[in-house]
Amino acid sequence: MTLRTLGWCTWQACRVAVIAGAARVTAPPAHSSHPQRLALIERECQPQRALRHRLRPGPQTVACQTRGCRSVWYKPRHQPVGLAPRGGYLKQDAVDGLCGAYSREDAGELSSRARSHLGYITRLLEGPTTLARPRGLLVRAGRLAALLACARYDAGDRSAARAACRMARQFAEQAGHGEQAAWSLEIAAWFALVEGRYADTAALAEAGMEHAGITSAGVQLALQSARGYARMGDSRAQAALRAGRAVLDRLPEPSQPGNHFAFDAAKFEFYVGTILTWVGTDDAAAEEHARYVVTSAGLDSAEHWPMRVAISELDLAVLAGRRGDLDEAVALGTAALGHRWRSAQLMPRAAELARDLEARYPGDRLAGRFAEALAGGRRVARPGEAS
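Since we're looking at a predicted model, the values are computed, not measured. (Residues numbered from 1 in each chain as written. Predicted model: local features only at pLDDT ≥ 70, side-chain atom pairs only at ≥ 80, totals over all residues. Heavy atoms only, no water.)

**Remarks on the overall build of the protein**
We apply this condition: Strands are runs of DSSP state E lasting at least two residues, helices are runs of H or I lasting at least four, and both sets are numbered from the N terminus onward. Here the term buried applies to any residue with accessible area under 20% of the maximum for its type, exposed to any over 50%, and partly exposed to those in between, with areas from a 1.4 Å probe on protein chains only. Contact criterion: two residues are considered in contact whenever any of their non-hydrogen atoms come within 4.5 Å of each other. Computed with the Shrake-Rupley method and a 1.4 Å probe, the accessible areas treat only the protein chains shown as cover for residues.
A count of helices and strands for the protein gives 17 helices and 2 strands. Each of the 387 residues in the protein was classed as buried or not, and the buried ones make up 56%. A sequence separation of at least 24 residues applies to 71% of the contacts in the protein between residues at least 6 apart. Of the accessible surface of the protein, which amounts to about 16,800 Å², a share of 52% is contributed by carbon and sulfur atoms.

**Focus on helix 3 (residues 92-101)**
Within helix 3, 7 of the 10 residues are buried, which leaves the element mostly enclosed by the surrounding structure. Residues of helix 3 that are buried include every one of Ala94, Val95, Asp96, Leu98, Cys99, Gly100 and Ala101, and no others.

**Side note on the packing of aromatic side chains**
For any pair of aromatic rings, the description consists of the separation of the ring centres together with the inter-plane angle of the planes. Rules: Note on aromatic pairs: the rings of Phe, Tyr and Trp (six-membered ring only in Trp) are paired at centre separations within 6.5 Å, and the planes decide the class, stacked below 30 degrees, edge-to-face beyond 60, tilted for the rest. As a reminder, the over-ring test applies to NZ of lysine and CZ of arginine, requiring each to be within 6 Å of the ring centre and within 35 degrees of the ring normal.
In this structure the tally under the stated criterion is 6 aromatic pairs. Pairing Tyr153 with Phe191 gives two aromatic rings, centres 4.2 Å apart and planes at 15°, and the pair type is stacked. One end of the pair, Tyr153, is in helix 5 (residues 132-154); the other, Phe191, is in helix 7 (residues 178-194), with 38 residues separating them in the sequence. Summarising the burial analysis for this pair, Tyr153 and Phe191 share the class buried. Put simply, the rings of Tyr153, Trp190 and Phe191 pair up and form one aromatic cluster. Taking the ring centre of Phe268 as reference, the NZ or CZ of Arg245 above it sits at 4.7 Å.

**A few points about the pattern of salt bridges**
Our working rule: Any Lys or Arg side-chain nitrogen located within 4 Å of an Asp or Glu carboxyl oxygen qualifies as a salt bridge.
Counting across every chain of the model gives 17 salt bridges. A salt bridge links Arg162 to Glu195; its shortest N-O distance comes to 2.6 Å. One end of the pair, Arg162, is in helix 6 (residues 158-175); the other, Glu195, is in the loop between helix 7 and helix 8 (198-212), and 33 residues separate them in sequence. Using a relative accessible area of 18% as the deciding quantity, one classes Arg162 as buried. Residue Glu287 pairs with Arg323 through a salt bridge whose shortest N-O separation is 3.3 Å. You can see Glu287 sitting in helix 12 (residues 283-296) and its partner Arg323 sitting in the loop between helix 14 (306-322) and helix 15 (326-336), a full 36 residues away along the chain. Through salt bridges with shared partners, one network takes in Arg158, Arg162, Glu195, Arg197 and Asp200.

**Observations regarding the side chain of His339**
Put simply, the test is: What qualifies as a polar contact is a pair of N or O atoms within 3.5 Å, subject to a donor-acceptor requirement within protein and to the restriction that residues adjacent in sequence count only when both atoms come from side chains.
One can find His339 in the loop between helix 15 and helix 16 (346-360). A polar atom in the side chain of His339 sits 3.1 Å from the side chain of Glu313.

**Let's talk about the packing of helix 3 against helix 4 (residues 107-126)**
The description of two helices packed together rests on the angle between their axes and the distance between the axes. Heads up, the rule is: Where helices are involved, their axes are fitted lines through C-alpha atoms of the stretch in contact, as for all axes, and angles between N-to-C directions lie from 0 to 180°. Roughly parallel covers angles under 35 degrees, roughly antiparallel covers those over 145, roughly perpendicular covers 65 to 115, and oblique covers all other angles. Left-handed is the label given to a crossing in which the near helix is rotated counterclockwise from the far helix by less than a right angle, and right-handed is the label when the rotation is clockwise. Each residue gets one label: Ala, Val, Leu, Ile, Met, Phe, Trp, Tyr, Cys and Pro are nonpolar, Asp, Glu, Lys and Arg are charged, and the others, such as Gly, are polar.
It is at 11 Å that the axes of helix 3 and helix 4 come closest, and there the two elements cross at 160°. Viewed along their axes, helix 3 and helix 4 adopt a mutual orientation that is roughly antiparallel. For the pair helix 3 and helix 4, the sense of crossing is left-handed. On helix 4, the residues that touch Ala94, Leu98 and Ala101 of helix 3 are Leu110, Arg113, Ala114 and His117. Of the residues belonging to the contact of helix 3 with helix 4, the class tally is 5 nonpolar, 1 polar and 1 charged.

**Comments concerning the packing of helix 7 against helix 9 (residues 216-231)**
It is the contact of helix 7 with helix 9, at a shortest axis distance of 9 Å, that shows an interaxial angle of 25°. As the angle between them shows, helix 7 and helix 9 are arranged roughly parallel. The two elements helix 7 and helix 9 meet at a crossing, and its hand is left-handed. Of the residues in helix 9, those in contact with Glu179, Ala182, Trp183, Leu185, Glu186, Ala189, Trp190 and Leu193 of helix 7 are Ser216, Ala217, Gln220, Leu221, Gln224, Arg227, Gly228 and Arg231. Of the residues belonging to the contact of helix 7 with helix 9, the class tally is 8 nonpolar, 4 polar and 4 charged.

**Thoughts on the side chain of Thr215**
If you trace the backbone, Thr215 turns up in the loop between helix 8 and helix 9. Overall, Thr215 belongs to the buried group, its relative accessible area being 15%. At a separation of 2.9 Å, a polar atom in the side chain of Thr215 contacts the main-chain carbonyl oxygen of Ala212. Contact partners of Thr215, with chain neighbours within four places excluded, come to Glu179, Val247 and Leu251.

**Quick word on the nonpolar core**
Spelled out, the test is: Here, nonpolar core refers to any group of buried Ala, Val, Leu, Ile, Met, Phe, Trp, Tyr and Cys residues whose side-chain atoms link them within 4.5 Å.
With 101 residues, the main nonpolar core has Trp190, Phe191, Leu223, Leu357 and Phe370 as its most contacted residues. Per element, the largest residue contribution to this core is 12 residues, and it comes from helix 5. Once residues lying within four places of it in the same chain are set aside, the contact partners of Phe370 are Val330, Gly333, Thr334, Leu337, Ala350, Leu353, Ala354 and Leu357.

**Thoughts on helix 15**
Heads up, the rule is: Taking the helix axis as origin, the arc is that swept by the directions to the C-beta atoms.
Inspection of helix 15 places Leu326, Ala329, Val330, Leu332, Gly333 and Ala336 among the buried residues, and these make up the whole buried set. Relative to the axis of helix 15, the buried residues are bounded by an arc of 165° and lie together on one face.

**A few points about the environment of Val294**
Mapped onto the elements, Val294 comes out in helix 12. Sequence separation of Val294 and Glu313 is 19 residues, and the distance between their C-alpha atoms is 6.9 Å.

**Quick word on the confidence of the model for the protein**
Here is the rule: Confidence scores here are pLDDT values: one per residue, from the predictor, ranging 0 to 100.
Across the protein, the average pLDDT comes to 76, with 70% of residues at 70 or higher. Least confident of the elements in the protein is strand 2 (residues 69-74), whose mean pLDDT is 27; most confident is helix 9, at 96. Scored below 50 in pLDDT, residues 1-8 shows 27 contacts in the model against residues more than four places distant or in partner chains.

Pasting the structure below:
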């Protein structure tokens, strides 16, 4: 699955470069005033070079050569639901629906649907077109590629996730769309955060803010930067948190708060709880924000936002462990492992909690019980899931 998905992402990125270039819908390359940051962006987000030789795929298959591994992606025989059969466009509702499903749908199933829609767009772009039409399609394709990057990362397929992230970046540059370019950098910053590359997290997030403006991406990038700084114990976390709040206050309420790429007040509470937990200077405030997500965000919050609730439960567990309440820490940590849907960050955060409890309460049977629950959670994780 990994090579197949990676090959598909690379092939589609190459196709888009040719298609969009022919339509002459281009944007100037990303820039940065910091040479080290620019090098980081080049490494993490810039699209891979086009294939050296031109392939002539048949009507049902697309072949590609990537890193010496030949792989084939089979085009869907049926048109994806939500796509216009003759109008030559992709309905925005179809894209928004997929983005809204991210918080609760299996990563593998969501990846399959996103790939199907994305393949349809690239076929549209290959047909007769006007200058106005491909830009809208490129923007939609960029959003789908960004969603695919998140879903593949959650599924543990990091190579395919990075290829999709580069594809999202390329769509954004070809469309001249600053917010979409910002989202590609935000996703790369999230990858770095999960992998423990906290300086890269802050640098990528700040680079994305140069493109984001007053958008949901601008809020999330500011908070992603705050998370990176908080992990490093850097006081700039608080300033980044305030910057995110300032951007959020200037945004209207999202029409679709469930959309993964729309930022609302409830999501802000979630981020603040984690950031303050990591900063560690105001545990009372951290607990207030995290508990709001778990108990006050709505009766059905666990169903619609399972990972927000799970991560906030882990934040509360860390805070309980700090104040000496091991029973509550273990209960909250175990509850966090009980959610069916899991993102790439859940198991690393749970493992961090287990290490913290074992260090604070060496030899305690309750701390050992949580370590056992964590091991069990890893065993029942769906195949391919990041842990």
